[in-house]
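Single-letter residue listing:
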Amino acid sequence: MTFQPIVPQGGLGGWRFLQRTMDRQQALQQSDPALQRAESRFRSRISDVQTAAELVQDRDLRSVALQAFGLGDDVDNVFFIQKVLEGGTLSRDSLANRLSDPRYAALSDAFGFGNLGRPRTQIPGFADEILDAFRQQGFEEAVGEKSADLRLALGLERELDAVLDRAQGNDARWFSLMGSPPLRRVFETALNLPSSLGRMDVDRQLDLFKSRAEDIFGTSALRDFADSDRLDALRTRFLLVGEASGATAISSPALSILSNATGQASAAQILQVLGSV
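Residues numbered from 1 in each chain as written. Predicted model: local features only at pLDDT ≥ 70, side-chain atom pairs only at ≥ 80, totals over all residues. Heavy atoms only, no water.

1. Describing the confidence of the model for the chain
Low pLDDT means the predicted atomic positions in that stretch should not be read closely.
1) Next: Here the chain shows a mean pLDDT of 88. Residues at 70 or above account for 88%.
2) Next: Below pLDDT 50 for its whole length, residues 251-272 participates in 22 contacts with residues either more than four positions away or in separate chains. (pLDDT = per-residue confidence, 0-100. Contact = heavy atoms within 4.5 Å.)

2. Remarks on the side chain of T189
1) Next: Looking at the element boundaries, T189 is found in helix α11 (residues 181-190).
2) Next: Within the structure, T189 has its side chain in polar contact with the backbone oxygen of R185 (distance 2.9 Å).
3) Next: Not counting residues within four places of it along the chain, the set of residues in contact with T189 comprises F238, V241 and G242. (Helix = DSSP H or I, 4+ residues; strand = E, 2+ residues; numbered from the N terminus. Polar contact = N/O pair within 3.5 Å; in protein donor to acceptor, adjacent residues only side chain to side chain.)

3. Focus: the layout of surface pockets
1) Next: In this structure, the largest pocket occupies an estimated 560 Å³ of space.
2) Next: Along its surface, the largest pocket is lined by 21 residues, and N97, L99, R166, A167 and S176 are the ones closest to its centre.
3) Next: Of all the secondary structure elements, the ones that give two or more residues to the lining of the largest pocket are α6 (95-98), α7 (102-111), α10 (170-178) and α12 (202-217).
4) Next: The element contributing the most residues to the lining of the largest pocket is α10, with four residues.
5) Next: Of the residues assigned to the lining of the largest pocket, the class counts are nine nonpolar, seven polar and five charged.
6) Next: There is about 410 Å³ of room inside the second largest pocket. (1 Å grid on protein atoms, 1.4 Å probe; cavity = no way out; pocket = protein on both sides within 12 Å on 5 of 7 lines; lining within 4 Å. Points joined across faces, edges and corners; volume = space filled by probe spheres on them. Nonpolar A, V, L, I, M, F, W, Y, C, P; charged D, E, K, R; others polar.)

4. Here's the deal with the packing of helix α5 (residues 78-87) against α7
1) Next: Close contact between α5 and α7 brings their axes to 8 Å; oriented N to C, the two are set at 60°. Between α5 and α7 lies a crossing of right-handed hand. Packed against α5, whose contacting residues are F80, I81, V84 and L85, the element α7 presents Y104, L107, S108 and F111 at the interface. (Axes fitted to C-alpha atoms, helices over the stretch in contact; angles between N-to-C directions. Left-handed = near helix turned anticlockwise from the far one by under 90°.)

5. Considering the environment of L208
1) Next: Here L208 shows up in helix α12.
2) Next: As a C-alpha pair, L208 and L191 span 17 residues in sequence and 9.3 Å in three-dimensional space.
3) Next: When sequence neighbours within four positions are dropped, the list of residues in contact with L208 reads L193, L197 and M200.

6. A closer look at the packing of aromatic side chains
1) Next: Within this structure, the stated rule accounts for eight aromatic pairs.
2) Next: On the numbers, 5.9 Å between centres and 20° between planes, the contact of F111 with F113 is stacked.
3) Next: Through pairs of rings, three or more aromatic residues link up here, namely W174, F187, F209, F217 and F225. (Phe/Tyr/Trp six-rings, centres within 6.5 Å; stacked < 30°, edge-to-face > 60°.)

7. Observations concerning the nonpolar core
1) Next: Membership of the largest hydrophobic core comes to 39 residues, with the highest contact counts inside it found for W174, F187, F209, L222, F225 and L234.
2) Next: When residues of this core are traced back to their parent elements, those giving at least two are α1 (11-30), α8 (126-144), α9 (148-166), α10, α11, α12 and α13 (228-244).
3) Next: At eight residues, the largest contribution of residues to this core is made by α9.
4) Next: For F209, the contacting residues outside a window of four places in its chain are W174, L177, M178, R184, F187, E188, L191, L193 and L197.
5) Next: F42, L55, V64 and A110 belong to the second largest nonpolar core, which has 31 residues in total. (Core = buried A, V, L, I, M, F, W, Y, C linked by side-chain atoms within 4.5 Å. Buried < 20%, exposed > 50% of the residue type's maximum accessible area, 1.4 Å probe, protein only.)

Structure representation (structure tokens):
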């Protein structure tokens, strides 16, 4: 995609800027000809797809489907994605359910090739459902080119909801979170846990996640973070800790806004966005 968001700074200030300009920036994203072409191809072909093999053999469809679930890096892993889709999610032993990253189960469940009945590609409104997610993920990915932490902040609520919806029991939810790269990064940062934590025994990791959450946020029940106030507190702490560590630094605001030489937004786009601040 050629869309370039306006992100004048990282950290909490960057988050607040994005919140103020989100509607305007996403409208600019929708006008991107490359995105419009990708959406048009998906919409015209997806209802004819009845098997996982048919989906993965079409690179255009495969690319949209994977990006809609934040799995765009797997676009060339054709055989693996086909197996994830074909196995469905009804069996605990299916490939999608055995993978630690819950995004694969979400992908398989959404398309329904390995579940009972007809695949969901045949259901009216399915294209809109996937394309909504595709646009949102594309926006987050574009923001991530400027600030990885802001990308994680944008997707936090969705990723957390996916874990809470699929996992039963508090410990199971924490284990699912630990297997989700985006969520793990947010919680490790917000809880001041080292990235080397992943080399520990998983039960010890679980204990540390829960104890630190209790100390900092007053709860070790992961479902409590679905509460909007606690979710905001988690996101804010993640951004502030990341900013303090220097992880959210991006290029100079002046250069980010004014330079087209490195693929930044045009002056017209900048004026459109800043006019809404």
